[in-house]
Amino acid sequence: VPDISKKYVPDDRLDPGIPKGVFSGTQYESFLRCGRAYEFSYIKNIKRPPAGAMIRGTTVHRGAEEAHRHIIAHKKLPDIQEIQAVVSDAFDKEVKENEVIEWDEGENPGRVKDSAIRSYGVYHRLALPKVRPVAAEQPFVLYLDSTPVLGFIDLIDQAGERIVIDGEEAPGTLVVADLKVTQKSWSQTDIDRKPQFTLYSLATGIPSVRVDNLVQLKAGPDFKQLHGQRGHQDHQVLMEHMSETIGLIKKGVFPMTSIDNWMCSQTWCGYWSMCRGRR
Ligand code: SF4
């Protein structure tokens, strides 16, 4: 994993009590899923091979990012084939860079690549014409106590109605959006509770959040959007719990997740043989 934190956080603001000196929403959610898995991954640096579905998600994201940047720079939609070529190249790069990838049963690189390209095509046709991007892959750093929290926002979208005042277009309602490529459709509860969106709202001061969900159905990819809101209370609750989590990490407390957690099994946890599955 390239250490990009130094590009955004000055050396004297890095927190030596946290891996690589910075915290992130990804680290936070990883710790919440299982503290012990967090320890294996971030403290002991034992990485597990990515799943095929993850490679698909990463490469579709790469295409969407390129398309958003194109609209910001040229004020028009990019050519779909150009961006699908970006997805294809990104996929080849991921496969080359990861020595081992865990393909699901019935999956192979060719099929997953085709599905990534098709998924991007659905995003291009259904979502992109309505997107008015203000920023793509926008970095942010906020400080919780003295710990820097670094993140990147997929898309800040000026998604409100077009309003013209005295001949000038007024800014529409800004929305923080994140693209999710999933097997299962997101629910309203998912977006209402997801800490990642609360963090993005906190970092930008934008209350409106949106998930752009590409769902992999048997019949092919489908697209849907869900909207949510975050307020001051949500931000406070997140900051309090993130601070508590950072405190546990600094004390070296990495609790195992509950025994009935669905991910705590040989099938879903890459650390099973080193942890609850060890003999
Ligand atoms: S086996 Fe269970 S407790 Fe251990 S790291 Fe995996 S999920 Fe966590």
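A short tour of the structure in this document, coming up.

1. Structural notes on the site of the ligand
Move 1: Around the ligand sit Cys34, Ala37, Met256, Thr257, Met263, Cys264, Cys269, Trp272, Cys275 and Arg276, and that is every residue in its neighbourhood.
Move 2: Among the detected pockets, the ligand sits in the largest cavity.

2. Some details on the pairing of strand β7 (residues 220-229)
Move 1: Of the strand pairs in this sheet, strand β6 (residues 208-217) and β7 are connected by ten bridges, and their pairing is antiparallel. Its bridge partner being in β7, Leu214 is matched across the sheet by Phe223.
Move 2: The hairpin turn running from β6 into β7, its antiparallel successor, is two residues long.

3. Here we look at the side chain of Asn213
Move 1: Note on placement: Asn213 falls in strand β6.
Move 2: At 3.1 Å, the side chain of Asn213 and the backbone oxygen of Lys180 are in polar contact.
Move 3: Within the structure, Asn213 has its side chain in polar contact with the backbone nitrogen of Trp186 (distance 2.8 Å).
Move 4: Beyond its immediate chain neighbours, meaning those up to four positions away, Asn213 contacts Lys180, Thr182, Lys184, Ser185, Trp186, Asp222, Phe223 and Lys224.

About the cut-offs
- Residues numbered from 1 in each chain as written.
- Predicted model: local features only at pLDDT ≥ 70, side-chain atom pairs only at ≥ 80, totals over all residues.
- Heavy atoms only, no water.
- Near = heavy atom within 4 Å.
- 1 Å grid on protein atoms, 1.4 Å probe; cavity = no way out; pocket = protein on both sides within 12 Å on 5 of 7 lines; lining within 4 Å.
- Sits in = over half its atoms within 2 Å of the grid points.
- Pairing = 2+ DSSP bridges.
- Helix = DSSP H or I, 4+ residues; strand = E, 2+ residues; numbered from the N terminus.
- Polar contact = N/O pair within 3.5 Å; in protein donor to acceptor, adjacent residues only side chain to side chain.
- Contact = heavy atoms within 4.5 Å.

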